Amino acid sequence: MSRPRLFRRRFIPDENIELKDDMILVLEPDLIVTSWNVLKPRRDISRGVSAYYIDKGIKVSKIFDNAGQMVYWYCDIIETVYDADTNTYTFNDLLIDVIIYPDGQVEVLDMDEFADAMEQGILTVGTIAHAMRATDNLLHTIYSGEFVQYTEYIDGILASIR
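Below you will find a few notes about this structure. Residue positions are given per chain, counting from 1 as you read along its sequence in written order. At least 70 in pLDDT is required for a residue's local features to be given in this predicted model, at least 80 for side-chain atom pairs to be given and counted, and no such filter applies to totals for whole chains, interfaces and linings, which use all residues. Computation of side-chain values covers all heavy atoms of the structure but excludes hydrogens and water.

**Looking at the environment of Arg-3**
The condition is simple: Numbered from the N terminus, helices here are DSSP runs of H or I no shorter than four residues, and strands are runs of E no shorter than two. Every residue pair with non-hydrogen atoms within 4.5 Å of one another is taken to be in contact. Each polar contact in these results corresponds to two N or O atoms within 3.5 Å; when the atoms are within protein, one needs to be able to donate a hydrogen and the other to accept it, and residues that are neighboring in sequence are counted only if both atoms are side-chain atoms.
Residue placement: Arg-3 occurs in the segment before strand 1 (5-10). Residues Arg-3 and Ala-129, spaced 126 residues apart in sequence, show a C-alpha to C-alpha distance of 32 Å. The contact partners of Arg-3, leaving out residues within four places of it in the chain, are Leu-19, Lys-20, Asp-22, Met-23, Ile-24 and Asn-87. A polar side-chain atom of Arg-3 sits 2.4 Å from the main-chain carbonyl oxygen of Asp-22.

**A closer look at the pairing of strand 3 (residues 23-28)**
Our working definition: A pair of strands is labelled paired if DSSP reports no fewer than 2 bridges between them.
Two strands pair when backbone bridges link them, and strand 3 and strand 4 (residues 31-37) are joined in this way by 5 bridges, in the antiparallel orientation. Within the sheet, the bridge partner assigned to Met-23 lies in strand 4 and is Ser-35. From the end of strand 3 to the start of strand 4, which pair antiparallel, there are 2 residues.

Here it is as structure tokens:
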């Protein structure tokens, strides 16, 4: 089978971008791991490695700056749509993000955008419920100290490609 095509769909702003330059490192039924560079140059970050946990509704990314130092762990709440006919994965960004800084501080972002999408009818009730459950599960994983399962897995992938 050919390499699948990957897309990131945002609702606010409304855009669907092919992640054509992302390198697929792992491709399993419920897990895709990619290595990537930022789409647009930035001063604070330059690249990352992302693990899409399709069954959990999350993408966990280790983000690096221009010097190759880790900046933070960035988690997106996602919904994945797979089209077998075109071998295409579309990762719908459900707006809620969680950052875990190296010092352990946790920050939940973009709840206002999520509320806007709810009010504007952009998200279905089922998608809203999925996003809330995935966020709740992720936060429980972080606060219980079990987030290390994700960090160790990604660090292991990084060690194997060096």
